[in-house]
Amino acid sequence: MCTAATYQTSDFYFGRTLDYESSYGEEIVILPRKYKLPFLHMGVSEQHYAIIGTAHIANGYPLFYDAVNEKGLCMAGLNFVGNACYAARTADDSDNVAQYEFIPWILSQCATLKEARQRLSTMNLTNTQFSENFPCAQLHWILADASGCLVIESMQDGFHIYENPVGVLTNNPPFPQQMFQLNNYQSLS
């Protein structure tokens, strides 16, 4: 089971496990500031923050598992099979982001969690596949910087953004259930 965690001391730490039994060709990817980053519904971004993360490269495009930008904003996608549901079509009044573009879209333009919250309020996360060979991954995301942590879930009943006071996310179940299940451990010290 994959898990992402944040840790705040005098410094900020972000990490995740990638608990797969085999490799999907993931590698460390660096996107420099002036790398031309295409977005399916919004054109090409030629000026953005530098990004480093773990991705599978398909047709020259980084399909990120997790990443951090030069400002310290971090994001990871974790399996959310059976719960993830994305918009079936684009919306005229929103920034339409294909599910596979979500991590680079946020990290390329947001320096802080506060900026990311703003961008998320105008976003429509679509179920556009990368290609016939790459269907939409069923994911939910953790997004964090030194100021705090969010969980983002796109489900049948809507798009949810949760404050994450514990700074940890794992695969299923949905985040509210993960928080409730922490009650099972309240007697431990």
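Rules behind the numbers
- Residues numbered from 1 in each chain as written.
- Predicted model: local features only at pLDDT ≥ 70, side-chain atom pairs only at ≥ 80, totals over all residues.
- Heavy atoms only, no water.
- Pairing = 2+ DSSP bridges.
- Helix = DSSP H or I, 4+ residues; strand = E, 2+ residues; numbered from the N terminus.
- Patch = residues over 30% accessible without salt bridge, like charges linked within 9 Å, V, L, I, M, F, W, Y side chains within 5 Å.
- Areas by Shrake-Rupley, 256 points an atom, 1.4 Å probe, with all protein chains shown as cover.
- Salt bridge = Lys/Arg side-chain N within 4 Å of Asp/Glu carboxyl O.
- Buried < 20%, exposed > 50% of the residue type's maximum accessible area, 1.4 Å probe, protein only.
- Axes fitted to C-alpha atoms, helices over the stretch in contact; angles between N-to-C directions.
- Contact = heavy atoms within 4.5 Å.
- 1 Å grid on protein atoms, 1.4 Å probe; cavity = no way out; pocket = protein on both sides within 12 Å on 5 of 7 lines; lining within 4 Å.
- Points joined across faces, edges and corners; volume = space filled by probe spheres on them.
- Nonpolar A, V, L, I, M, F, W, Y, C, P; charged D, E, K, R; others polar.

**Student:** Help me understand the pairing of strand 13 (residues 158-163) in this model?
**Tutor:** The pairing of strand 12 (residues 148-155) with strand 13 spans six bridges and is classified as antiparallel. Directly across from valine 151, in strand 13, lies its bridge partner tyrosine 162. What sits between strand 12 and strand 13 in their antiparallel hairpin is a turn of two residues.

**Student:** Hey, could you run me through a nonpolar patch on the surface in this one?
**Tutor:** A surface patch of nonpolar side chains, about 460 Å² in accessible area, is lined by Val166, Val168, Leu182, Tyr185 and Leu188. In this fold, leucine 182 is placed in the segment after helix 3 (175-181). Note on leucine 182: relative accessible area 40%, which makes it partly exposed.

**Student:** Would you explain the sheet that holds strand 6 (residues 51-58) in this entry?
**Tutor:** Picture the strands of a sheet paired through backbone hydrogen bonds; they go either parallel or antiparallel. The strand order across the open sheet formed by seven strands is 3-6-7-8-11-12-13, and the pairing between neighbours is antiparallel. The sheet is open, and its two edges are formed by strand 3 (26-31) and strand 13, each paired on a single side. Mean inter-strand twist for the sheet, computed between neighbouring axes without regard to direction, equals 30°. Packing against the sheet, helix 2 (residues 113-120) makes contact with strand 11 (139-145), strand 12 and strand 13, and its axis sits at approximately 20° to strand 12.

**Student:** What am I meant to see in the sheet that holds strand 2 (residues 12-16) here?
**Tutor:** One open sheet holds the three strands; their spatial order is 2-1-14, and the pairing between them is antiparallel. Here the strands that pair on one side only, and so sit at the sheet edges, are strand 2 and strand 14 (168-170). Neighbour to neighbour, the strand axes of the sheet diverge by 5° on average, direction disregarded. Sheet topology note: the strand 1 (residues 3-8)/strand 14 ladder contains three bridges and is antiparallel. Along strand 14, the bridge assignment pairs threonine 3 with threonine 170.

**Student:** Please clarify how the layout of surface pockets should be interpreted in this entry.
**Tutor:** In this approach a probe as big as a water molecule rolls over the atoms, and the regions it shows empty are the leftover space. Approximately 620 Å³ is the volume found for the largest pocket. What lines the largest pocket is a set of 25 residues, and nearest its centre among them are Tyr20, Leu63, Tyr65, Ala137 and Leu139. Within the residue set of the lining of the largest pocket, elements represented by two or more residues are strand 7 (61-69), strand 8 (74-79), helix 1 (102-109) and strand 11. The residue makeup of the lining of the largest pocket, split by class, is 18 nonpolar, six polar and one charged. In this structure, the second largest pocket encloses a volume near 200 Å³. As for the second largest pocket, its lining consists of 13 residues, of which Val168, Thr170, Gln178, Met179 and Leu182 are closest to the centre. Where the lining of the second largest pocket is concerned, the elements lending two or more residues are strand 14 and helix 3. Among the elements that take part in the lining of the second largest pocket, helix 3 stands out by supplying four residues, more than any other.

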